[in-house]
Structures are given as C-alpha cells and as structure tokens.
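# Architecture at a glance
Now for the letters of each chain:
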Amino acid sequence: LRLLSFNVHLTLTLTGPLDHDHNHHEDQAHHKANPDRCDGIEFDAIVPDENGHTFFFKGDHLWNGFKGPAQVSSAFFKELDNYHHLGHVDAAFRMHNKEKPEKHDHIYFFLDDKVFSYYNHSLEEGYPKDIQLDFPGVPSHVDAAVECPKGECNSDSVLFFKGEEVYNYDIATQSVKEKQWAHLPNCTSAFRWLEQYYCFHGHNFTRFHPVSGEVNGVYPKDSRHYFMSCPNFGHGGEANVPKCSEVTLDAITSDDSGKTYAFTGHNYMRLDTHRDGKHTFPIARTWKEVTNGVDAVFSYSDKIYIIKGDQVYIYKSAAPSTLIEGYPKSLNAELGIEGPVNAAFVCADHHIVHIIQGQKMLDIDLSATPRVVASEAPLPISGIEAGMCSRDGVKVYVGSEYYHYETPRLLAFSKMLQEPKTITPDMMRCVE
C-alpha cells in the first residue's frame, strides 16, 4: 500500500494535496465548519459507491475521494438529513451480491437502529428500515461494517463490528456468526480496498484477514501516510507518472477470475481494478516468498506460476495468495526445461504453456506427466520480455511496444513481422 515506484516511477497515486476549506456552508447553518482530515480525526465510516468513488465520513461531513476538501454529507445523500439529525453515520458498506442484482452495489448506511439503502446516490423506496428487517441478528448502533465477497470469505458476507464483537452476516442464508477479535483494535470504520481489509481506529488503520481477523505486519499505521495527502506525511508530493514510452514489463498474466497483473522490477500493478484505480505494490506484498523481481508469470487451473531464475513458485490464485506446499521447485523438475525464461503464457481452457526463450517458443503440456517439451518453434520477434493470452489473442511485449497475434500458432509461424503497437494510458497508468 506504500507509494512505490513502478519501473520508471510508475507510482501508487492515492492522493493529491488537500484543498483545505474551513468555511461554513451558508445554506447549512446547522453544520459545523469543515473538518480537516489531516488533523488526525477518526472516521465514522468509509464506503465506495457503485462507480468506485470512495467516501470518508466524519460527523455531518464527508470527503469524496482520497483528496479534496470536506463537504456536507447531505449534498451527496440528502435524505440522511431528512430522516436523521444526529449529524453522523455509524457504519456503511457497499453490498456485494451478484445473485441479487437489485441489491448488488447498493450502499447501506447504518444510523442507530435504522438502515438506509442508496443506489446512484438516491434513497431506495421503503427505506429507512429497522436493521433487523434487512439484517436479522445484527445489533443496532454498530461501529463499522465492510462487505466480504465469496472467495475472500466463505460466502458473500458482511462483517459488522461492535466493540470487540464481530458479526459475520451470510447474505444468502441471513445467518449470523458472532466472534471476538480482541487482538484487533475497536474499529470505528472498515474498508475493503483491492481485496485487502482495513480497520480504522483513531487516525490509524490495521490490515486484517477477513476470516480469521489475523494481523500480519507492523500495525497500526497512520492513515495520513496512505489514504490521503497531508503536509509532512506520505512520501512527498504528487506521484511522477511516466511516459508510456518509458514503461517496460517483466511479466503479465490474467488469472481465471479475471485479475490481471503486470510485473516490473520489484513491483506489480493490478490492471483490472478500474473502479479502484491502477496502483502499484511490492511483489512480496502478495507473493511474500518472491523477492527482487520475476522473469515470467502465467496462470493455469486456479494457480499462478511465477518463474524466477531456475525456480518455479506456484500459488493458489484465491486471496490471500498461498504458496503450494513443496514449492519452489526447479524449472527442470516442474517443466522439464532449463532456464532462463523470458516470458510464458497459457490461453484460457488450454493445457499448453508457451515458454519463450530468446527467439524460440517451447510448448509444454501441463496435463501430462512428466512434463516435457512437446514442440519448439522459432519466433519472428526478438527481445520478448513478457507475454499474455486473453480473449482477444496473444500479446508479446518488447520494451514499451507489443505485438498482437490472434493465436499462439500465428505468433510462431507468421512469416511477416507485424507492426508493433505502443502501450497506452488505458493499459497502464502512464501519459503519452
């Protein structure tokens, strides 16, 4: 989550300088002056809307996004003032329930013993309701709430926090499991961001596992270093976004769930998280056994294969990524080849991994035992550093350019070198 360079300063930009505004709203005389989140305040709730815009609530104000001044909450969710004049929300979360489109992506606000459901910033008909009508078994006056989709929790769920008590609410069955996470600070707000879970308390946050509550790493951390831009905090100024012509990749892959990862240097970037933005992280944050970069990465059968030197690391794709027991293994033992490997990719529903070494491509059947090279072909392109196969074909990357072929076979047997295409801002976080 730290602001880290992605190749040539391709950095995680959560924030910009906060535009402070301490004026009273003339048309909202009962509202207090705008609070400043850089003063080290404690948030009441944090929630994204259906478009991925994140709102931070404090009293009767909110911040729209990771930068910018505080604004009156009712300017965005006007019915909160119509029904409730305590000037705060207790908790909020964005529903994840694709089985019920009429509820999926709706924002739920909790105030005392009532729940409000919003979509497109409009209050849904029939709300507010008593909490027990929508969420039986969940207490009133909760401190925090956060959604937990299936795959990260055992089923689509919502975690509610009240003191040291945690209520795991199963959306489908409406059952509640109560537990205590006494080791976790009392959360006044909770936030799911890029499949990671954060408990906010005071001006700090602690990252936790949504099933066990386990905390790994050194916490708490000051949220002003990570979730907003504040003077004398963070890592200094605006991020330096590189030109697209300066971006190069070491590896790129898309797993079975559609998560797309691009690797360069010590860092990786998620490319599929358009609602949360494109951000960079150290590789070891997700695949902790892998340090100092990768040579090639491919996805197969709900697993991610990371090749580094003459070693192969295999991880379960589901979050959090877990190294398969017995790994890493040597390239020879796993794939029947010697290194180095420049790039690797597997096409969806296929069992062949295409390994690029220099200007040749080796095909290895992953369903066979032992694994051996089934075929070898020369390539029309030299200097390939990364490759990926997706619905629209195969892309192989050379520097800041890539070549697009409809199939691996066309890549291998094409007599004509295609015109290269350039990496664009839509693909990576870069500028032309």
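Scroll up to find the structure this text is about.
Numbering of residues starts from 1 in each chain and follows the order in which that chain's sequence is written. At least 70 in pLDDT is required for a residue's local features to be given in this predicted model, at least 80 for side-chain atom pairs to be given and counted, and no such filter applies to totals for whole chains, interfaces and linings, which use all residues. The basis for every side-chain value is the complete set of non-hydrogen atoms in the structure, without hydrogens or water.

### Considerations on the overall build of the protein chain
- Within the protein chain, the secondary structure is distributed over five helices and 34 strands.
- Exposed residues in this analysis have more than 50% of their type's maximum accessible area, buried residues have under 20%, and partly exposed residues fall in between, with area computed by a 1.4 Å probe over protein chains only. Here the protein chain holds 432 residues, and 52% of them are scored as buried.
- Contacts are assigned to residue pairs that have any heavy atoms within 4.5 Å of one another. A separation threshold of at least 6 residues defines the contact pool for the protein chain, and within that pool the share at least 24 residues apart is 45%.
- Per element, the accessible surface of the protein chain, about 19600 Å² overall, is 47% carbon and sulfur. Helix and strand definitions follow DSSP, with helices as H or I runs of at least four residues and strands as E runs of at least two, each counted in order from the N terminus. Under the convention used here, a 1.4 Å probe and the Shrake-Rupley method define accessible areas, while residue burial counts only the protein chains that appear.

### Things to note about the sheet that holds strand S21 (residues 280-282)
- Taken together, the four strands give an open sheet; going across it, the order is S18-S19-S20-S21, and neighbouring strands pair in antiparallel fashion. The strands lining the two open edges of the sheet, one partner per strand, are strand S18 (251-254) and S21. Neighbouring strand axes in the sheet, compared pairwise and without regard to direction, differ in orientation by 25 degrees on average.
- Strand pairing is defined by DSSP finding a minimum of two bridges between the two strands. In terms of strand pairing, S18 meets strand S19 (residues 260-264) through four bridges, oriented antiparallel. Counterpart to Ile252 in the pairing with S19 is Ala262. Orientation is described by axes fitted as lines to C-alpha atoms, over the contacting stretch for helices, and by angles from 0 to 180 degrees between their N-to-C directions.

### Some thoughts on the sheet that holds strand S12 (residues 165-170)
- On the basis of which strands lie adjacent, the open sheet formed by four strands has the order S10-S11-S12-S13 and antiparallel pairing. Each edge of the open sheet is held by one strand with a lone partner, namely strand S10 (144-148) and strand S13 (176-180). Pairs of neighbouring strands in the sheet enclose a mean axial angle of 20 degrees, with direction left out of account.
- Taken together, the six bridges between strand S11 (residues 157-162) and S12 define a ladder with antiparallel strand orientation. Bridging across to S12, Phe160 finds its partner in Tyr167.

### Notes on the side chain of Arg207
- Inspection of the secondary structure puts Arg207 in strand S16 (residues 204-208).
- Residues scored as charged are limited to Lys and Arg (positive) and Asp and Glu (negative), so that His and the chain ends carry no count. The term salt bridge refers to a pairing of a side-chain nitrogen on Lys or Arg with a carboxyl oxygen on Asp or Glu at a separation within 4 Å. In this structure, Arg207 is buried with no salt-bridge partner, the nearest side chain bearing the opposite charge being Glu195 at 10 Å.
- A distance of 2.8 Å separates a polar atom in the side chain of Arg207 from a polar atom in the side chain of Gln196.
- The definition of a polar contact used here is a pair of N or O atoms within 3.5 Å, where within protein one atom must be able to donate a hydrogen and the other to accept one, and adjacent residues in sequence count solely through side-chain atom pairs. Side-chain polar atoms of Arg207 contact the side chain of Tyr219, separated by 3.1 Å.
- When residues no more than four places from it in sequence are discounted, the contact partners of Arg207 are Gln196, Tyr197, Tyr198, Glu214, Val215, Asn216 and Tyr219.

### Remarks on the state of the cysteines
- A pair of sulfur atoms, both from cysteines and within 2.5 Å, is called a disulfide here. If you walk through the whole model with that rule in mind, you get five disulfides.
- In this model Cys148 forms its disulfide with Cys153; the gap between the sulfur atoms is 2.0 Å. The sign of the S-S torsion, about 100 degrees, decides the handedness of the disulfide formed by Cys148 and Cys153: right-handed.
- Since its relative accessible area comes to 1%, Cys148 is described here as buried.
- You can call Cys153 buried: its relative accessible area is 5%.
- The residue that forms a disulfide with Cys187 is Cys199, at a sulfur-sulfur distance of 2.1 Å.

### Concerning the packing of aromatic side chains
- Two aromatic rings, drawn from Phe, Tyr or Trp (for Trp, its six-membered ring), form a pair once their centres lie within 6.5 Å of each other, and the interplanar angle then sorts them: stacked below 30 degrees, edge-to-face above 60, tilted otherwise. The final tally for this structure, using the stated rule, is 45 aromatic pairs.
- Between Phe55 and Phe77 the ring centres are 5.5 Å apart and the planes differ by 80 degrees, which places this aromatic pair in the edge-to-face class. Residue Phe55 is located in strand S2 (residues 54-58), and its partner Phe77 is located in the loop between strand S4 (70-72) and helix H1 (79-83); the two are separated by 22 residues in the primary sequence.
- Measuring from ring centre to ring centre gives 6.5 Å for Tyr108 and Tyr127, while their planes differ by 80 degrees; the resulting arrangement is edge-to-face.

### A short note on the pairing of strand S33 (residues 401-405)
- As judged from the five bridges shared by strand S32 (residues 393-398) and S33, these two strands associate in the antiparallel manner. Bridge pairing in S33 links Tyr397 to Tyr402.
- Counted between consecutive antiparallel strands, the loop separating S32 from S33 contains two residues, among which Gly399 sits at a positive phi close to 60 degrees.
- By the bridge criterion, two bridges tie S33 to strand S34 (residues 421-422) in an arrangement that is antiparallel. Directly across from Glu401, in S34, lies its bridge partner Thr422.

### Side note on unusual backbone geometry
- Here the amide bond leading from Tyr127 into Pro128 is cis, since omega sits at 5 degrees, within 30 degrees of zero.
- Structurally, the position occupied by Pro128 is in the loop between strand S8 (122-123) and strand S9 (129-130).
- For the peptide bond that leads from Tyr219 to Pro220, omega is 5 degrees, which places it in the cis range.
- Here Pro220 lies in the loop between S16 and strand S17 (221-222).
- You will see that Leu194, though not glycine, has its phi angle at about 55 degrees, which is positive.
- Counting through the fold element by element, Leu194 comes out in the loop between strand S14 (189-193) and strand S15 (196-201).
- For Leu194, a relative accessible area of 8% gives the class buried.

### Here's the deal with the pairing of strand S31 (residues 386-390)
- Along S31, four of the five residues are buried, which leaves the element largely enclosed by surrounding structure.
- Pairing geometry for S31 and S32, over five bridges, is antiparallel. Bridging from a neighbouring strand, Cys389 pairs with Val394 of S32.
- The turn joining S31 and S32, which pair antiparallel and follow one another in sequence, is formed by two residues.

### Concerning the environment of Lys150
- With respect to the helices and strands, Lys150 occurs in the loop between S10 and S11.
- You can call Lys150 exposed: its relative accessible area is 63%.
- Note: C-alpha distance between Lys150 and Asn97 (53 residues apart in sequence) is 9.2 Å.
- If we ignore the near neighbours within four places in the chain, the residues touching Lys150 are Ser155 and Asp156.

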